[in-house]
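Each chain is listed here by its residues.
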Amino acid sequence: MTETVTDPGERGSLEIKHKAVERLAVLAARSTDAVAGPQPGLRVLGGRDLPKADVTISGSRVRAQVAVAVTWPSPLATVAANVRAAVARDLSELGIYTVDRVDVTVQCVPAEANREEGRVQ
């Protein structure tokens, strides 16, 4: 009896679900300094928790649109650039996608929590 040995590269494939790629983009954005995590009032304002991501996958290419809330006072352009870099890096590290584009939108800048230093009654 002779068995035919199949080349390991031809035995199977890796498929990562669309939602998993979106979740990875959200985690990359959330790990960036000055990006606010989910907050109770933001859900009402934005319709969803922030950060959020929408990805478009075409073969081995991916584009991402990421929306974030940025803590006050932070330079918005710098935070957006850092989010863009983190998302592109993490999606590229999967090894199966080429990241064509990452668009970042700052949808909200939540106010600082009010600190009561004294109270007059």
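Everything discussed here concerns the structure shown above.
Quantities reported herein were computed from a predicted structural model and do not represent experimental measurements. (Residues numbered from 1 in each chain as written. Predicted model: local features only at pLDDT ≥ 70, side-chain atom pairs only at ≥ 80, totals over all residues. Heavy atoms only, no water.)

### Description of the overall build of the chain
And step 1. Helices and strands together make up the secondary structure of the chain, namely three helices and four strands.
And step 2. Secondary structure elements of the chain occur, N-terminal to C-terminal, as α-β-α-β-β-α-β.
And step 3. Counting across all 121 residues of the chain, residues that qualify as buried make up 30%.
And step 4. For the chain, the proportion of contacts with a sequence separation of at least 24, taken over those separated by at least 6, is 68%.
And step 5. As displayed, the chain has an accessible area near 8,600 Å², and 49% of this comes from carbon and sulfur atoms. (Helix = DSSP H or I, 4+ residues; strand = E, 2+ residues; numbered from the N terminus. Buried < 20%, exposed > 50% of the residue type's maximum accessible area, 1.4 Å probe, protein only. Contact = heavy atoms within 4.5 Å. Areas by Shrake-Rupley, 256 points an atom, 1.4 Å probe, with all protein chains shown as cover.)

### Description of the nonpolar core
And step 1. Core analysis: the biggest nonpolar cluster contains 23 residues, and Val66, Val68, Val83 and Val87 have the highest contact counts within it.
And step 2. Put simply, the parts of the chain that give this core at least two residues each are helix 1 (18-30), strand 2 (52-58), strand 3 (61-70), helix 3 (76-92) and strand 4 (98-108).
And step 3. For Val68, the residues in contact, after removing those within four places along its chain, are Ala29, Val35, Leu50, Pro51, Val83, Val104, Thr105, Val106, Gln107 and Cys108.
And step 4. Counting residues in hydrophobic clusters, the runner-up holds five residues, among them Ala36, Ala67, Ala69 and Cys108. (Core = buried A, V, L, I, M, F, W, Y, C linked by side-chain atoms within 4.5 Å.)

### Remarks on helix 3
And step 1. When the terminal C-alpha atoms of helix 3 are compared, their 24 Å separation across 17 residues agrees well with the 24 Å that a helix rising 1.5 Å per residue should span.
And step 2. Residues of helix 3 that are buried: Val79, Ala80, Val83, Ala86, Val87, Asp90 and Leu91. In a view along the axis of helix 3, the buried residues occupy a sector of 130 degrees, so they form one face of it.
And step 3. Close packing links the buried residues of helix 3 with helix 1, strand 1 (35-36), strand 3 and strand 4. (Expected span 1.5 Å × (residues − 1). Arc of directions from axis to C-beta.)

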